[in-house]
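# Remarks on the overall topology
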Amino acid sequence: MGTHGGGLYVGRRAAAAGAALLLALLVALLALAALYGRCRQEEAPPPPSSRAPGPAAPPAPAPAARSGRRLPRHLLPLHYDLELWPRVRPGQAGPFAFTGQVNITVRCLQDTDTAVLHSAGLRSSGAVAVRGPLSEPGAAVEVAGLRQEEAAEVAVLELRGRLRAGRRYVLQLGFQGRLEEDLDGLFLTRYTDRGRSSMLIASQMEPTYARRVYPCFDEPAMKATFNIRIVHDPSYVSLSNMPAIDVSEVKDENGSLWTVTTFNTSLKMSTYLTAFVICDFDYVTRTERGNEIRIWARKEAIKNGYVDYALNITGPIFSFLEDVLNVSYPLPKTDLVALPDFGAGGMENWGLMIFQEASLMNLPSGEFTSRKAMIALVVSHELGHQWFGNLVTMNWWNDLWLNEGLASYFEYLGATFVEPKLSLDKIFYVHVVQPVLREDSEIVRSLSQSEDKIKGSFSLMSLFDNITYSKGASITWMLSGFLTEKLFTRALTSYLKEFSFSNANQDDLWTHIQMVIDGQDEVQLPASVKQIMDSWTCQNGFPVLTLNLTTGTIRQEQFFNKKNRKNTDSYNNTWIIPVSWMRNGSSQPLTWLDKSSKMFPEMQVSESEYDWILLNVNLSGYYRVNYDQLNLKRLAHLLETDPKAIPAVSRFQLIDDVFALTDFGYVPIETALELTKYLAKEDELFIWNVVLLNLIPDNLESTLKNYEVYPLLKKYLLKRMLPIYHYYAGFIHQNVDALEDDYFAQVYLEKLFATACWLGLQDCLDLSSELYAKWMDNPEHKIPFLIRKTVCCYGVAVGSDKEWNFAWKMYNHTDSVEEDEDILLYAMSCANEPWLLYRYLQYGLSDTLFSSNCTSAIISHVMTKDIGHRIAWEFVTENWPLLNQGYGQELLHDVLKVMGRFVKTDVQIQELQVFYNATLEEDEREAITVLLESAKLENIERRKLLIKVASWLEKNVDD
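Conventions used here
Residues numbered from 1 in each chain as written. Predicted model: local features only at pLDDT ≥ 70, side-chain atom pairs only at ≥ 80, totals over all residues. Heavy atoms only, no water. Helix = DSSP H or I, 4+ residues; strand = E, 2+ residues; numbered from the N terminus. Buried < 20%, exposed > 50% of the residue type's maximum accessible area, 1.4 Å probe, protein only. Areas by Shrake-Rupley, 256 points an atom, 1.4 Å probe, with all protein chains shown as cover. Lys, Arg positive; Asp, Glu negative; His and termini not counted. Charge placed at Lys NZ, Arg CZ, Asp CG, Glu CD. Pairing = 2+ DSSP bridges. Axes fitted to C-alpha atoms, helices over the stretch in contact; angles between N-to-C directions. pLDDT = per-residue confidence, 0-100. Contact = heavy atoms within 4.5 Å. Expected span 1.5 Å × (residues − 1). Core = buried A, V, L, I, M, F, W, Y, C linked by side-chain atoms within 4.5 Å. Disulfide = S-S within 2.5 Å. Salt bridge = Lys/Arg side-chain N within 4 Å of Asp/Glu carboxyl O. Phe/Tyr/Trp six-rings, centres within 6.5 Å; stacked < 30°, edge-to-face > 60°. Lys NZ or Arg CZ within 6 Å of the ring centre and 35° of its normal. Arc of directions from axis to C-beta. Left-handed = near helix turned anticlockwise from the far one by under 90°. Nonpolar A, V, L, I, M, F, W, Y, C, P; charged D, E, K, R; others polar.

### Re the overall build of the chain
Along the backbone of the chain there are 28 helices and 35 strands. Across its three principal directions, the C-alpha atoms of the chain cover 95 × 70 × 60 Å. Within the span of the chain, comprising 959 residues, buried residues form 60% of the whole. In the structure as shown, the chain presents an accessible area of about 35,800 Å², 50% of it carried by carbon and sulfur atoms. Within the chain, one finds 90 positive and 117 negative side-chain charges whose respective centroids are separated by 2 Å.

Given below as structure tokens:
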């Protein structure tokens, strides 16, 4: 899935457990403005915006799919004849149901008197029969009974005779099930198209929802071919994995007419890839190398050209992947369907990929936008799955990374192929490696696990996380780097050809890479591919390398939070690590660290301050680097004199590593700050973004102003920000369209401008007032989208009720699109007059002005502002009986999430406790007390840290 959710794309995440959720409330690292969807309720969905917040965001949680019981290996499915009949007519009211019939041809591998297959939430309908052995015409085995074991999600056919090993049989089962609106299995969803309300039916089978749609052998290694028939209302079109080969009619028991669409026999595939869509959509089409590509969407979206971009890139990415992998796409057609509502970013079903609308649509235009980048990434991910996942599938879910990690790797290669404006190494590091390095140090799970761990009640959905996707992609990137891309793709071709229409585990991949390595002499490895790669896939976490320049010694240890380490914790892992390195600007031959510590005489340096070393150049390896003070001092000096001597990705990595090392207690904060002195010479926005996120986290803006560090930070940062600020402000003033091709400007310019205004840069405040005033004078004069949120916020902040009232008027404007509404909803919380904020909160109580999810957003927005958190807190406590009726615990958690940032004393905890004692059950109260105490300790620690930062800034602010 793809973002990234099918194969889910970046995958659908499992719902977090209660304790983890509560802990997350106090971490509070969420940008609240992005948390809430469309607030004002309108009939027609708006057109997609021209910009997405970023590529491939992981999809929303879904009910956890369990791995359930593994099936016995007595029977092997060969072929399914499947008929599905959703009993749905346009405009009909629910509840809805579907019926079906499945005939499964199986080969018996071991004598048995039971047939066990998966079935969940289905009821048997009609007679159950077993025909065969097929070598004996007319033969059958009598069925004594059918037993459903709901907890194990299996159906057991108890037989009066025995199925004999080596013979083939057909299991015949009729079934019926409920058609829910839950986005799993076979589901119904409602939407609006051209002002009319409509319904469609679609499917999502990964990981184990096929068993909710038809009885089957629902394990990835139990591949079979499928003949599928769908019975549906004549006004709908029906789609499945293969092309339709026949359309006929049938009457139901009441004599009503239905259409029967029959599809060609599928290739051999896993049950989780079977797919069905029944809809009243239109499509656009083109053919690429004989592959008919169709993109289906709401008629309005097709007419307006919203999917044209996706259509234009799909064929070229297909061809790119075919050429790189040297393996042809085996299907004659590919349908991509854009659903108004879908639980994943995308799902890679063979021949019938399904996406959220937002993952495929954008406003038609010639210019490049970050929305287009996101579409290219999502589409490329799902296309990568046509080889990694569909053609060759992991044996079992413990090696899910073979699907998701490889698809995530090729996602970036495919997207940058069709959009060369995207810098592959920069975007891969910023969107994949850096975020998962942050996450992987806290998660106790390896990339690959033994099969026996993934069974029983284990939640498979928990595997669709950033470890599987992004760590999988990161170690693939590292592997390709030390093998060379040429040898790596040669090994992948060999792997794909051997296991086509079959299954593999990670050892099979290592074997094929080893075969390629053994057949050449350009690349020499210090150990077998399996030994090297198992050290990365079978161990938790990742290493940090510490370099001592005087001795030339590199030492490795697992990267962990030294501040939280317990004496009982064990961190003895070692990795076999490829070390790319650079000396004084010259790249050096790759070397390897294959033990806990090793001396490299070539890395000993002279006493010259111009003699420096950089490890893990351009983040080619999945690890962090810690330098001794001597090298850090030289690197800091180099950055101040000649920053471009260090590649951009390595500058980003250097800063990201040193702040992570600070957070985890490896180096003092002062060490990290020394590397920021050069920033006046830094012209890369993606590097500025990581600096600002570390120095001014989004969730701490409102609290940082309460500390003595703020005026020092203002003076220190503004002096360094002015060159890059004025560079981009020039475009905003004169020619903002020139930034259309600058992906990082589209994604990160907002943070730069928001920080400049937050630091009180008068030019930024004046620019915001000026652009906001122009918009007020002429609403057709749009504020540049790149900085619209900042301009609206500070336009309201430095204005009066006149500016606030204009934002309110535009929010209620019928033509406003979702993204503008979200911006205005946030901007109205930026008012600096308490009475305006109080009035805004009162408006939020009105269910005629807002839908329910907006009230929570408004309270959270106001609560995060400098003057707003007390006002919002008093508002919540005064109006709790009313708020509790509509929003209950969810709102309470949102409020706690923000208020926790301000708790520094026992008195403040007691104030919150009085309220929670009156509103929560006893067990929840105890949990909240513990968490508030933890928030207080966290805030005390932060205060100590900020005192150190302030002390360092006082000494360096005038440098």
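### What to know about the sheet that holds strand β32 (residues 586-593)
Strand order in the open sheet formed by 3 strands is β32-β31-β34, with antiparallel pairing between adjacent strands. Strand pairing shows two members of the sheet lacking a second neighbour, β32 and β34 (613-615), which therefore form its edges. Ignoring which end each strand starts from, the neighbouring axes of this sheet average 25° apart.

### Side note on the environment of Ala151
Within the secondary structure, Ala151 sits in the loop between β11 (143-149) and β12 (154-163). Exposure remark for Ala151: the relative accessible area of 66% places this residue in the exposed category. In this structure, the C-alpha to C-alpha distance between Ala151 and Arg69, residues 82 residues apart in sequence, is 8.9 Å.

### Structural notes on the pairing of strand β35 (residues 624-627)
The alternating pattern of β35 places Arg624 and Asn626 and Val625 and Tyr627 on opposite faces, both of which are buried. Two elements, strand β29 (residues 543-548) and β35, share 4 bridges in a ladder whose sense is parallel. Each residue of the ladder has a partner; that of Thr546, found in β35, is Asn626.

### Considering the confidence of the model for the chain
Of all residues in the chain, 91% have pLDDT values of 70 or greater, and the mean over the chain is 88. pLDDT under 50 marks residues 4-63. Its contacts with residues more than four places away, or in other chains, come to 232 contacts.

### Focus: helix α27 (residues 906-919)
For α27, which comprises 14 residues, the first-to-last C-alpha distance of 20 Å matches the rise-based estimate of 20 Å (1.5 Å per residue) to within 8%. Restricting attention to buried positions, one finds in α27 the residues Ile909, Leu912, Gln913, Phe915 and Tyr916.

### Some remarks on the sheet that holds strand β24 (residues 346-347)
Taken in spatial order, the 5 strands line up as β21-β22-β23-β25-β24 in an open sheet, and their pairing is mixed. If you trace the sheet from one side to the other, it starts and ends with β21 (282-288) and β24, each paired once. In terms of strand pairing, strand β23 (residues 333-339) meets strand β25 (residues 352-356) through 5 bridges, oriented parallel. Counted as the bridge partner of Asp335 is Leu352 from β25. Running over the sheet, helix α3 (residues 308-325) touches β21, β22 (291-297), β23 and β25 and is turned about 30° from β21. Packed on one face of the sheet, helix α4 (residues 370-385) meets β24 and β25 and runs near 150° to β25.

### Digging into the nonpolar core
Core analysis: the biggest nonpolar cluster contains 331 residues, and Tyr214 and Phe753 have the highest contact counts within it. Ranked by the residues each element gives to this core, the list is headed by helix α16 (residues 709-734), at 13 residues. Setting aside chain neighbours within four positions, we find Tyr214 in contact with Tyr80, Leu82, His118, Leu122, Phe175, Met205, Phe226, Thr271, Thr274 and Phe276.

### Points about the state of the cysteines
With the rule as written, the count across this model stands at 2 disulfides. Two residues, Cys757 and Cys764, share a disulfide whose sulfurs are 2.1 Å apart. Here the S-S torsion is close to -90°, and the disulfide linking Cys757 with Cys764 is therefore left-handed. With respect to class, Cys757 is no different from Cys764; both count as buried.

### Considering the pattern of salt bridges
Summed over the entire model, instances satisfying the criterion amount to 51 salt bridges. Two residues, Arg211 and Asp218, come together in a salt bridge whose shortest N-O distance is 2.9 Å. Here Arg211 and Asp218 have matching classes, each one buried. Two residues, Arg298 and Glu300, come together in a salt bridge whose shortest N-O distance is 2.8 Å. Via salt bridges that share partners, Arg438, Arg624, Asp656, Asp657 and Asp663 belong to a single interconnected network.

### Points about the packing of aromatic side chains
Under the definition given, this model contains 53 aromatic pairs. Between Trp401 and Trp510, the aromatic rings sit 5.9 Å apart at their centres with planes inclined by 35°, giving tilted as the arrangement. Residue Trp401 is located in helix α5 (residues 401-418), and its partner Trp510 is located in helix α9 (residues 506-518); the two are separated by 109 residues in the primary sequence. Both residues of the pair, Trp401 and Trp510, count as buried. When the centroid spacing of 5.1 Å and the interplanar angle of 85° are considered together, the rings of Tyr409 and Phe410 count as edge-to-face. By relative accessible area, which is 4% here, Tyr409 ends up buried. The exposure class assigned to Phe410 is buried, which follows from its relative accessible area of 1%. One aromatic cluster in this structure is built from Phe388, Tyr409, Phe410, Tyr412, Phe428, Trp477 and Phe488. One Lys or Arg, Lys789, reaches over the ring of Tyr826 and ends 4.3 Å from the middle of that ring.

### Observations concerning helix α22 (residues 834-844)
Since the α-helix turns once every 3.6 residues, residues separated by three or four places project in the same direction. Looking only at α22, the buried set comprises Leu836, Leu837, Tyr840, Leu841 and Gly844. Each buried residue of α22 lies within a common arc of 140° when the element is viewed along its axis, so the set occupies one face.

### Considering the packing of helix α6 (residues 424-440) against helix α17 (residues 743-758)
Packed helix pairs are specified by the crossing angle of their axes together with the interaxial distance, meaning the distance between the axes. Two elements in contact, α6 and α17, have axes whose closest approach is 12 Å; the angle formed by their N-to-C orientations is 35°. Along this stretch, α6 crosses α17, giving a crossing that reads as left-handed. In this structure, α6 contributes Lys426, Ile427, Val430 and His431 to the contact, and α17 contributes Tyr743, Phe744 and Tyr748. A breakdown of the residues in the contact of α6 with α17 according to their chemical character gives 5 nonpolar, 1 polar and 1 charged.

### Some thoughts on the environment of Val106
Looking at the element boundaries, Val106 is found in strand β6 (residues 96-108). Here Val106 falls in the buried class, since its relative accessible area comes to 0%. Separated by 29 residues in sequence, Val106 and Pro77 have C-alpha atoms that sit 4.3 Å apart. Setting aside residues up to four positions removed in sequence, Val106 forms contacts with Leu75, Leu76, Pro77, Leu78, Arg167, Arg168, Tyr169, Leu171 and Phe217.

### Remarks on unusual backbone geometry
Residue Pro95 is reached from Gly94 by a cis peptide bond, and omega for that bond is 0°. For Pro95, the position within the fold is in the loop between β5 (75-86) and β6. A cis geometry characterises the amide bond from Glu206 onward to Pro207, with omega recorded as 0°. With respect to the helices and strands, Pro207 occurs in the loop between β15 (196-204) and β16 (225-232). Located in the positive-phi region is Asn326, a residue other than glycine, with phi close to 60°. Among the structural elements, Asn326 can be located in the loop between α3 and β23.

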